[in-house]
2 protein chains.
Amino acid sequence: MSKRITIKQIAQALHVSISTVSKALNDSYEISDETKKKIQEYAKLHKYKPNTLALSLQNKKTKTIGIIIPNILTYYFARVLRGIEKVATEKGYNIITCITNESYKKEVDTMQMLSNGTIDGFIACMSEETLKLQKFDHFHDILEEGTPIVLYDRTHQDINCDKVVTDTVKSAYKATRFLMKSGCKNIALVSVSEGLNVSEFSAKGYRKALKKYDFPINENLIIRQHDETNLKERIIKMLDTNKVDGIFTVDEISGAITIQALDAKNIKIPEEVSIIGFTNGMISRYSTPPLTSVNRFAHTTGETAAARLINKIEEKIDFEDIKTEIIKTKLVERESTKKLFIKF
Amino acid sequence: MSKRITIKQIAQALHVSISTVSKALNDSYEISDETKKKIQEYAKLHKYKPNTLALSLQNKKTKTIGIIIPNILTYYFARVLRGIEKVATEKGYNIITCITNESYKKEVDTMQMLSNGTIDGFIACMSEETLKLQKFDHFHDILEEGTPIVLYDRTHQDINCDKVVTDTVKSAYKATRFLMKSGCKNIALVSVSEGLNVSEFSAKGYRKALKKYDFPINENLIIRQHDETNLKERIIKMLDTNKVDGIFTVDEISGAITIQALDAKNIKIPEEVSIIGFTNGMISRYSTPPLTSVNRFAHTTGETAAARLINKIEEKIDFEDIKTEIIKTKLVERESTKKLFIKF
DNA sequence: GTGAAAGCGCTAACAA
DNA sequence: TTGTTAGCGCTTTCAC
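Residues numbered from 1 in each chain as written. Chains lettered and ligands numbered in written order. Predicted model: local features only at pLDDT ≥ 70, side-chain atom pairs only at ≥ 80, totals over all residues. Heavy atoms only, no water.

A.B. asks: So what exactly am I meant to see when it comes to the overall build of chain A here?
C.D. replies: Scanning chain A from terminus to terminus reveals 14 helices and 12 strands. Since a compact globule built from 344 residues should have a radius of gyration of about 20 Å, the 26 Å found for chain A marks it as more spread out than a globular shape. Seen along its three principal axes, the alpha-carbon backbone of chain A occupies a region of about 90 × 40 × 35 Å. For chain A, with 344 residues in total, the buried portion stands at 58%. Sequence-distant contacts, at least 24 apart, represent 71% of the contacts inside chain A between residues at least 6 apart. About 15,300 Å² of surface is accessible on chain A, with carbon and sulfur atoms providing 50% of the total. Positive and negative charge centroids in chain A, built from 52 and 44 side chains respectively, lie 4 Å apart. (Helix = DSSP H or I, 4+ residues; strand = E, 2+ residues; numbered from the N terminus. Rg over C-alpha atoms; globule rule 2.2 N^0.38 Å. Buried < 20%, exposed > 50% of the residue type's maximum accessible area, 1.4 Å probe, protein only. Contact = heavy atoms within 4.5 Å. Areas by Shrake-Rupley, 256 points an atom, 1.4 Å probe, with all protein chains shown as cover. Lys, Arg positive; Asp, Glu negative; His and termini not counted. Charge placed at Lys NZ, Arg CZ, Asp CG, Glu CD.)

A.B. asks: Would you explain helix α1 (residues 7-14) of chain A in this entry?
C.D. replies: Three- or four-residue spacings in an α-helix give side chains the same orientation, since the helix completes a turn every 3.6 residues. Residue and element names in this part refer to chain A. Residues of α1 that are buried: Ile-10, Ala-11 and Leu-14. Looking straight down α1, one finds that the buried residues subtend no more than 100 degrees of arc, so they occupy a single side. At the C-terminal side of α1, His-15 shows a positive phi close to 55 degrees. (Arc of directions from axis to C-beta.)

A.B. asks: How do you make sense of the sheet that holds strand β5 (residues 162-166) of chain B when you look at a structure like this?
C.D. replies: The pairing of strands in a sheet comes from backbone hydrogen bonds and takes either a parallel or an antiparallel form. All names here are of chain B. Spatially, 6 strands are ordered β2-β1-β3-β4-β5-β11 in an open sheet, and the strand pairing comes out parallel. Edge positions in the sheet fall to β2 (94-99) and β11 (324-327), since each has one partner strand and no second. The mean inter-strand angle of the sheet, taken between neighbouring strand axes irrespective of direction, is 15 degrees. By the bridge criterion, 4 bridges tie strand β1 (residues 64-69) to strand β3 (residues 121-124) in an arrangement that is parallel. From the neighbouring strand, Ile-65 faces β3, where its bridge partner is Gly-121. Contacts between helix α6 (residues 104-114) and the sheet are confined to β1, β2, β3 and β4 (149-152), with β2 contributing the most and set at about 155 degrees to the helix. Packed onto the sheet, helix α14 (residues 298-313) meets β1, β3, β4, β5 and β11 and runs at close to 160 degrees relative to β3. (Pairing = 2+ DSSP bridges. Axes fitted to C-alpha atoms, helices over the stretch in contact; angles between N-to-C directions.)

A.B. asks: Quick question: what am I supposed to make of the pattern of salt bridges here?
C.D. replies: If charged atoms from side chains of opposite charge come close, those side chains can pair. Using the criterion set out here, one finds 38 salt bridges over all chains in the structure. With a closest N to O distance of 2.7 Å, Lys-105 of chain A and Asp-109 of chain A form a salt bridge. Of this pair, Lys-105 of chain A and Asp-109 of chain A both sit in helix α6 (residues 104-114), 4 residues apart, roughly one helical turn. For Lys-105 of chain A, a relative accessible area of 55% translates into the label exposed. Note on Asp-109 of chain A: relative accessible area 37%, which makes it partly exposed. Residue Lys-312 of chain B pairs with Asp-162 of chain B through a salt bridge whose shortest N-O separation is 2.5 Å. In this pair, Lys-312 of chain B sits in helix α14 while Asp-162 of chain B sits in strand β5, placing the two residues 150 residues apart along the sequence. (Salt bridge = Lys/Arg side-chain N within 4 Å of Asp/Glu carboxyl O.)

A.B. asks: Please explain the interface of chain A and chain B as it appears in this structure.
C.D. replies: Note: interface size is frequently given as the accessible area lost on complex formation between the parts. Counting residues at the interface gives 59 residues for chain A, matched by 59 residues for chain B. In this assembly, chain A packs against chain B so that about 5,500 Å² is buried in total across both faces, 55% of it on carbon and sulfur atoms. The interface formed by chain A and chain B holds 8 salt bridges in total. Two residues, Arg-4 of chain A and Glu-145 of chain B, come together in a salt bridge whose shortest N-O distance is 3.6 Å. Here chain A is connected to chain B by 27 residue pairs in polar contact (both at pLDDT 80 or more). Those elements that provide at least two residues to the side of chain A that touches chain B are α4 (52-59), α5 (75-90), β2 (94-99), α6, α8 (137-144), α12 (252-264) and α13 (282-286) of chain A. Tallying contributions element by element places α5 of chain A first for the side of chain A that touches chain B, with 7 residues. (Buried area = accessible area lost by both parts, 1.4 Å probe. Polar contact = N/O pair within 3.5 Å; in protein donor to acceptor, adjacent residues only side chain to side chain.)

A.B. asks: Could you clarify how one ought to interpret the relation of the copies chain A and chain B in this entry?
C.D. replies: Relating the two copies of this chain is a rotation about some axis coupled with a shift parallel to it. Superposing chain A onto chain B takes a rotation of 180 degrees plus a shift of 0.1 Å along the axis, which leaves an RMSD of 0.2 Å. Here the two chains are linked by the operation of a two-fold rotation axis. If distances are taken from each C-alpha of chain A to the rotation axis, the shortest is found for Ile-96 of chain A, at 2.1 Å. A shared interface surface links the copies, since 100% of the contact residues of chain A are contact residues in chain B too. (Least-squares fit on C-alpha atoms with pLDDT ≥ 70 in both.)

A.B. asks: Would you mind showing me how to read the protein's contact with DNA strand C here?
C.D. replies: Within the structure, DNA strand C sits among 28 residues, and Ser-22 and Tyr-48 of chain A together with Thr-20, Lys-23 and Lys-60 of chain B are positioned closest to it. In DNA strand C, atoms within 4 Å of the protein come from the sugar-phosphate backbone in 59% of cases. Contacts to DNA strand C include Gln-58 of chain A, whose side-chain N or O atom sits 3.1 Å from a base oxygen. Here Ser-32 of chain B contributes a backbone N or O atom positioned 2.9 Å from a phosphate oxygen of DNA strand C. Mapped by element, the contributors of at least two residues to the surface near DNA strand C are α1, α2 (18-25) and α4 of chain A together with α2 (18-25) and α4 (52-59) of chain B. (Near = heavy atom within 4 Å.)

A.B. asks: Is there a simple way to explain the protein's contact with DNA strand D in this structure?
C.D. replies: Around DNA strand D, a shell composed of 28 residues is seen, among which Ser-19, Thr-20, Lys-23, Thr-35 and Lys-60 of chain A lie nearest. A breakdown of the atoms of DNA strand D within 4 Å of the protein gives sugar and phosphate a share of 59%. Taking Ser-32 of chain A, its main chain carries an N or O atom lying 2.9 Å from a phosphate oxygen of DNA strand D. Among the secondary structure elements, those contributing two or more residues to the surface near DNA strand D are α2 and α4 of chain A together with α1 (7-14), α2 and α4 of chain B. A per-element tally of the surface near DNA strand D places α2 of chain B first, with 4 residues.

A.B. asks: Is there a simple way to explain the UniProt feature "domain: HTH lacI-type" (unreviewed entry) in chain A in this structure?
C.D. replies: If you check UniProt for "domain: HTH lacI-type" (unreviewed entry), the listed places come out as residues 5-59 of chain A in our numbering. This span, residues 5-59 of chain A, is 67% helix and 0% strand, and a straight line between its end C-alpha atoms measures 21 Å. (UniProt positions renumbered as here; feature names shortened; annotations may be inferred.)

A.B. asks: I would appreciate a short explanation of the nonpolar core in the present structure.
C.D. replies: For soluble globular proteins, nonpolar side chains are generally found buried alongside one another. Counting residues in hydrophobic clusters, the biggest one holds 188 residues, and the most contacted among them are Ile-65, Ile-72 and Phe-248 of chain A together with Ile-65, Ile-72 and Phe-248 of chain B. Residues in contact with Ile-72 of chain A, not counting those within four places in the same chain, are Ala-78, Leu-81 and Ile-99 of chain A together with Ile-72, Ala-78, Leu-81 and Arg-82 of chain B. (Core = buried A, V, L, I, M, F, W, Y, C linked by side-chain atoms within 4.5 Å.)

A.B. asks: So what exactly am I meant to see when it comes to the domain arrangement of chain A here?
C.D. replies: Its domain assignment divides chain A into domain 1 (7-50), domain 2 (58-164 + 298-326) and domain 3 (168-296). A separation of 38 Å is found between the C-alpha centroids of domain 1 of chain A and domain 2 of chain A. (Domains from an automatic or database assignment.)

A.B. asks: Where do I start with the pairing of β2 of chain B in this structure?
C.D. replies: On any regular strand, side chains alternate: one points to one face of the sheet, the next to the other face. Residues and elements named next belong to chain B. Counting buried positions along β2 yields 6 of 6 residues, so the element is predominantly enclosed. Examined bridge by bridge, β1 and β2 share 6 bridges and lie parallel to one another. Its bridge partner being in β2, Ile-68 is matched across the sheet by Cys-98.

A.B. asks: Just to check I follow, could you spell out the packing of aromatic side chains for this structure?
C.D. replies: For any pair of aromatic rings, geometry is given as the distance between the ring centres together with the angle between the planes. Taken as a whole and judged by the stated rule, the model has 6 aromatic pairs over all chains. Here Phe-248 of chain B and Phe-278 of chain B contribute two aromatic rings whose centre-to-centre distance is 6.3 Å and whose plane-to-plane angle is 90 degrees, an arrangement assigned as edge-to-face. Here Phe-248 of chain B is found in strand β8 (residues 246-249), whereas its partner Phe-278 of chain B is found in strand β9 (residues 274-278), with 30 residues between them in sequence. Through a chain of ring-to-ring contacts, three or more aromatic side chains come together here, namely Tyr-76, Phe-77 and Tyr-152 of chain A. (Phe/Tyr/Trp six-rings, centres within 6.5 Å; stacked < 30°, edge-to-face > 60°.)

A.B. asks: What is the right way to read the pairing of β1 of chain B from this model?
C.D. replies: Residue and element names in this part refer to chain B. Within β1, 6 of the 6 residues are buried, which leaves it mostly tucked inside the rest of the structure. Residues of β1 alternate between two faces, with Thr-64, Gly-66 and Ile-68 on one and Ile-65, Ile-67 and Ile-69 on the opposite face, all of them buried. Traced from β1 through helix α5 (residues 75-90) to β2, the parallel crossover comes out right-handed. (Right-handed = clockwise from strand over helix to strand, strands pointing away.)

Next up, the structure:
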């Protein structure tokens, strides 16, 4: 267990001054090649690594960004994280990840804790609870300290910072229209994300599409709940008491359970009922049948957010220059809908 | 944009010395109540937060741990992360997460980069490439510097540090036995994790069980590959040319694709073929039918690793006191196997 | 009860 | 070309 070596120790060992060592290690032109070589070799030999903390203290920059994620088990968020991680690494930034588990308190605590010089900026998705409580003071405080924040996925207009969001209303509109164009007459909506932006905006897009094309809106065909409790039973009941030939499922869980419900009733997909999912993840891809889905580019969302934040941190963009980036979606046709060759 | 305030500024504003402020904020008995009150109020008013960096530099402890994850999109790893995050937070530690994307280079680079005072210890799962290359010098180096590491899931005996692993061989043995007990005579194995510990150990357990109960080992029933390319076709072919009534799928992807293959051949699950999966994640839970699976307690793995590491960091355990913790598994019966009431 | 000074590991302006 | 010094924000010993 040979402790880490410091610049000071090198200086002592080599009988030179601390600053000489510092300069030599930074390959300064001020130092003679001979001395440089001597010092660098000694450093390498003893596996010298500069202390990041000391450097950060000095430059007032830590080269690390804080990521706030409501739930890492959600595939979408995991993909966003990956996108962030990718560009962060490319630009030499570390990320420090915090999972709030959808808790307001945890979110406030961690963000407070990190905004003390530990990080240069945040990429955050607020928790469900925060959204419900509509308490945004912690964001305001941090922003006021001059620490940049980029919000992704879930946002609110009261927070004046950069945002990266999905074009949910429009996507839901298109998904619904896709079902209509493939011949569905009675289109249901299933969601277990009640309370979140996704659910709300999806429902909006769904309604908009029906209205636009003069389809009646049947409230019995709209199932929106907060979690998956009894969802299967509810879907089966809906199927029992209504004519349904198309279902738009707003999240992966809804999609999976809808398949299970149809399977229980021995209804053929897509021959009798078509399903279109939203947020294209593992479940959609590996379900039987694989789900036609609206792909949200989570990875792009992460990349965009990270790029934006880093530009802010490095002052390539003015702090006051606020922007909301909208990430487009794309339909991935798989086997839960009838083949249809229109452009989406 | 009101910049962050420092102890020095408080001192100047209140015409006291820096050390007085420091002590007052730390509620030292040395300072008079009056001064304390004055300083603390001023600090609160101006939202003073101590600079974590400076503190860390001082105590040589950062209260943050580095997490190395090969792939965050793998549900298992996401769950481990969550477990780690939970106990880290409880004990007042931050985590800094790095995703290696199964790259040796990325793993070495990030670990080198972080072991410069940024973190107090590592919880790491080595990348596939590292495992293949068998290059472990970066682990040795870091360990030698006195930085503790806890390895999880994928490990190697050449690395002398704490480990937290799953009891894979035994679990696979039991899974296979479960299929036998439920009446299966011709049990296949499907894996797309070739090259990883899981795949290897699972196969071992599978073989062991067959041998133990005098089932013949038919190499044609063993499909092990590195990724999912052509997997479905291969399974279908196996089904075409062999009698199979039970399948042990080593990972979630294998499980999902096996279901798709059986569906394509209109084979009923579990009436004609039973499936048992390993590593119980989203796909298994939400597939149609839901998969009977061997649950690996990822969350527990994360918690155990974090608890162990923090104990090491806080020197409640001696650095040299090395231990390998084995996390048990548990069978979750769902609908892809015939009901069977034995204890597993 | 309060403050001056040293130091954590490093950089950078300035002196020699 | 090399060294001295101050300072990043904070804690802590030791004087006063």
